[in-house]
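Each chain, written out:
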Amino acid sequence: MRDEAYAERVALGEQLAREREKAIGYFEVQEAAVRQIAIVNIRQARLADLYHRRQEALTALQRRGESVPGLKLEQVAVVTVEQR
C-alpha cells in the first residue's frame, strides 16, 4: 500500500511538472505575440493581463502540488511590467 501511494505521488508530481512546462511554453508564445503589437498602451495592457494570468496559472499548479505530501517547491517567479 505504501509503495502504491508513493508511486501515485511521483506520478502526480511528474504530471504537474509536465503541466507547468506546458503552461510556461504557452505563456512564452503568447508573450512573443503580444510584444509584436505596435501600439504601446495596448501592448502594455495585454502584457500586464498575460503576466497576471500566468501567475494565476502557476500558483494554481503550485497549490495542487502542495496538496500532495512529499513534493517540494522547485521555483517561484515574479514578473513585473514596466510602464513607460
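The rules behind each value
- Residues numbered from 1 in each chain as written.
- Predicted model: local features only at pLDDT ≥ 70, side-chain atom pairs only at ≥ 80, totals over all residues.
- Heavy atoms only, no water.
- Helix = DSSP H or I, 4+ residues; strand = E, 2+ residues; numbered from the N terminus.
- Expected span 1.5 Å × (residues − 1).
- Buried < 20%, exposed > 50% of the residue type's maximum accessible area, 1.4 Å probe, protein only.
- Core = buried A, V, L, I, M, F, W, Y, C linked by side-chain atoms within 4.5 Å.
- Contact = heavy atoms within 4.5 Å.
- Salt bridge = Lys/Arg side-chain N within 4 Å of Asp/Glu carboxyl O.

Topic: helix H2 (residues 40-66)
In a regular helix each residue adds 1.5 Å, so 27 residues correspond to 39 Å; H2 covers 38 Å between its end C-alpha atoms and thus fits that length. Those residues of H2 lying buried are Gln44, Leu47, Leu50, Tyr51, Arg54, Leu58, Leu61 and Gly65.

Focus: the nonpolar core
Of all hydrophobic cores here, the largest spans five residues; its members are Leu16, Ala23, Phe27, Leu50 and Leu61. Those elements giving two or more residues to this core turn out to be helix H1 (2-34) and H2. Sort the elements by how many residues they give to this core and H1 lands first, with three residues. Discounting chain neighbours no more than four positions away, the residues touching Phe27 are Leu50, Arg53, Arg54 and Ala57.

A word on the environment of Leu16
Position of Leu16 among the secondary structure elements: in helix H1. When its relative accessible area of 7% is taken as the criterion, Leu16 is described as buried. Spatially, the C-alpha atom of Leu16 lies 6.7 Å from that of Leu61, the residues being 45 residues apart in sequence.

Here we look at the pattern of salt bridges
Between side chains of opposite charge, a pair can form when the charged atoms approach closely. This structure, assessed with the given rule, holds four salt bridges. Across the pair Arg64 and Glu19 runs a salt bridge, and its minimum N-O distance is 2.8 Å. Linking Arg64 in helix H2 with Glu19 in helix H1, this pair joins segments that are 45 residues apart in sequence. Taking relative accessible area as the criterion, Glu19 reaches 27% and is therefore assigned partly exposed. Between Arg53 and Asp49 there is a salt bridge, with its nearest N and O atoms 3.2 Å apart. With a gap of four residues between them, Arg53 and Asp49 both fall in helix H2, about one helical turn apart.

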